[in-house]
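Coordinates in review
What follows is each chain in one-letter form.
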Amino acid sequence: MSKELIQELNKQVSTWSVMYAKLHNFHWYVKGNQFFTLHAKFEELYNEATEHMDEIAERILTLGGEPTATLQEHLQSSVVDEAKGTEKANDMVQALVDDFDKIMKSLKKGMDLAAKDKDDMTEDILNAIYQSIEKHQWMLNAFLGETNE
């Protein structure tokens, strides 16, 4: 287990902590004709964020590392920013699409580091999260009416 891998995994723990708060913000403050759709989707995503954060933190502990566990640490090492609190519905969705890009880059780096360490289990965990986010991102882009053509 490399120090660099633990650092990247902690970046994920922090990122998912910030995403959890951001998604709650969006869940509580979304307004407009897509309220019911987005309110439910944001809840689904913040529940998933909790699972990702916990799974990665437990993996860090299994590897003998120490997961970040304070809000200050999370805000400092997250690859995404917290919500501003002024976003409109479509801006919320676009922010998530953009955030998922950043998270997938960090996940990819973590997978590469895990592969270098011959740590298949960590690589599998990160790959599963990557695939889930990739699907969410596709759906959110569809919501926004964007295509990959």
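Cut-offs applied
Residues numbered from 1 in each chain as written. Predicted model: local features only at pLDDT ≥ 70, side-chain atom pairs only at ≥ 80, totals over all residues. Heavy atoms only, no water. Phe/Tyr/Trp six-rings, centres within 6.5 Å; stacked < 30°, edge-to-face > 60°. Buried < 20%, exposed > 50% of the residue type's maximum accessible area, 1.4 Å probe, protein only. Helix = DSSP H or I, 4+ residues; strand = E, 2+ residues; numbered from the N terminus. Contact = heavy atoms within 4.5 Å. Salt bridge = Lys/Arg side-chain N within 4 Å of Asp/Glu carboxyl O.

Here's the deal with the packing of aromatic side chains
Describing an aromatic ring pair means giving the distance of the ring centres and the angle of the ring planes. Counted according to the given criterion, the structure contains three aromatic pairs. With a centroid separation of 5.2 Å and an interplanar angle of 80°, the aromatic rings of phenylalanine 35 and phenylalanine 36 are classed as edge-to-face. The class of phenylalanine 35 is partly exposed, set by a relative accessible area of 26%.

What to know about the environment of histidine 24
Note on placement: histidine 24 falls in helix α1 (residues 3–29). Residue classification places histidine 24 among the buried residues on the basis of a relative accessible area of 10%. Residues histidine 24 and tyrosine 46 lie 22 residues apart in sequence; the distance between their C-alpha atoms is 6.6 Å.

Points about the environment of methionine 111
Residue position: methionine 111 is located in helix α4 (residues 89–116). Methionine 111 gets classed as buried once you look at its relative accessible area, which sits at 7%. Spatially, the C-alpha atom of methionine 111 lies 6.3 Å from that of leucine 126, the residues being 15 residues apart in sequence. Once you skip the residues sitting within four places of it in the chain, methionine 111 turns out to touch Glu123, Leu126, Asn127 and Tyr130.

Remarks on the side chain of histidine 27
Inspection of the secondary structure assignment puts histidine 27 in helix α1. Excluding residues that lie within four positions of it along the chain, histidine 27 makes contacts with His39, Phe42, Glu43 and Tyr46.

Digging into the pattern of salt bridges
Two side chains bearing opposite charge may form a pair once their charged atoms approach each other closely. According to the stated counting rule, one finds five salt bridges in the structure shown. Between aspartate 99 and lysine 22 there is a salt bridge; the shortest N-O distance is 2.6 Å. Of the two residues, aspartate 99 is situated in helix α4 and lysine 22 in helix α1; the sequence distance between them amounts to 77 residues. Arginine 59 is paired through a salt bridge with aspartate 119; the nearest N and O atoms lie 2.9 Å apart. Of this pair, arginine 59 sits in helix α2 (residues 35–62) while aspartate 119 sits in the loop between α4 and α5 (120–144), placing them 60 residues apart in sequence. In this structure arginine 59 comes out as buried when scored by relative accessible area, which is 15%. Overall, the relative accessible area of 9% leaves aspartate 119 in the buried class. Taken together, the shared-partner salt bridges connect Glu8, Lys11 and Lys109 into one network.

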